[in-house]
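# Observations on the model geometry
Residues per chain, in single letters:
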Amino acid sequence: MRRSIRAALEQAAELTRNNRLVDGLAAGEAAIHAATDDERPEVRRWLDEHADDFVRRPEH
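Residues numbered from 1 in each chain as written. Predicted model: local features only at pLDDT ≥ 70, side-chain atom pairs only at ≥ 80, totals over all residues. Heavy atoms only, no water.

### Examining the nonpolar core
- Within the largest apolar cluster, 12 residues are counted, these being Ile5, Ala8, Leu9, Ala12, Ala13, Leu15, Ala27, Ala31, Ala35, Val43, Trp46 and Phe54.
- Mapped onto this core, the elements with two or more residues apiece are α1 (3-17), α2 (21-34) and α3 (40-49).
- At six residues, the largest contribution of residues to this core is made by α1.
- Apart from residues no more than four positions distant in its own chain, phenylalanine 54 is found in contact with Leu9, Ala12, Ala13, Thr16, Arg17, Trp46 and Leu47. (Core = buried A, V, L, I, M, F, W, Y, C linked by side-chain atoms within 4.5 Å. Buried < 20%, exposed > 50% of the residue type's maximum accessible area, 1.4 Å probe, protein only. Helix = DSSP H or I, 4+ residues; strand = E, 2+ residues; numbered from the N terminus. Contact = heavy atoms within 4.5 Å.)

This is the structure in structure tokens:
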């Protein structure tokens, strides 16, 4: 997946965690729409693997 799409998904997660759900959904939706057919399976995997990122701060 392109770095720009990954960055948009990470931004969507950050916005959602910060109670900016509408903005987070818009950023995530834009990233999904920008993905090519070849990238979409990787986007789905990323979303599955990072679902918790949308609701709580990742542990470092």
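### Quick look at the environment of aspartate 38
- Locating aspartate 38 in the fold gives a position in the loop between α2 and α3.
- Take aspartate 38: its relative accessible area is 73%, and that puts it in the exposed class.
- C-alpha of aspartate 38 to C-alpha of arginine 56: the two residues are 18 residues apart in sequence and 29 Å apart in space.

### Structural notes on the environment of alanine 13
- Assignment of secondary structure puts alanine 13 in helix α1.
- Taking relative accessible area as the criterion, alanine 13 reaches 1% and is therefore assigned buried.
- For alanine 13 and alanine 51, which are 38 residues apart along the polypeptide, the C-alpha to C-alpha distance reads 8.5 Å.

### A look at the packing of α1 against α2
- Between α1 and α2, the shortest axis-to-axis distance is 7 Å and the interhelical angle comes to 165 degrees. Taken together, α1 and α2 sit at an angle that is classed as roughly antiparallel. Considering how the two elements wind past one another, α1 and α2 form a crossing that is left-handed. Within the contact between the two elements, α1 uses Ile5, Ala8, Leu9, Gln11, Ala12, Leu15 and Thr16 and α2 uses Leu21, Asp23, Gly24, Ala27, Gly28, Ala31 and Ala34.
- The residue makeup of the contact of α1 with α2, split by class, is nine nonpolar, four polar and one charged. (Axes fitted to C-alpha atoms, helices over the stretch in contact; angles between N-to-C directions. Parallel < 35°, antiparallel > 145°, perpendicular 65-115°, else oblique. Left-handed = near helix turned anticlockwise from the far one by under 90°. Nonpolar A, V, L, I, M, F, W, Y, C, P; charged D, E, K, R; others polar.)

### Digging into unusual backbone geometry
- Notably, asparagine 19 is not glycine yet its phi reads approximately 60 degrees, a positive angle.
- The residue asparagine 19 is located in the loop between α1 and α2 in this model.

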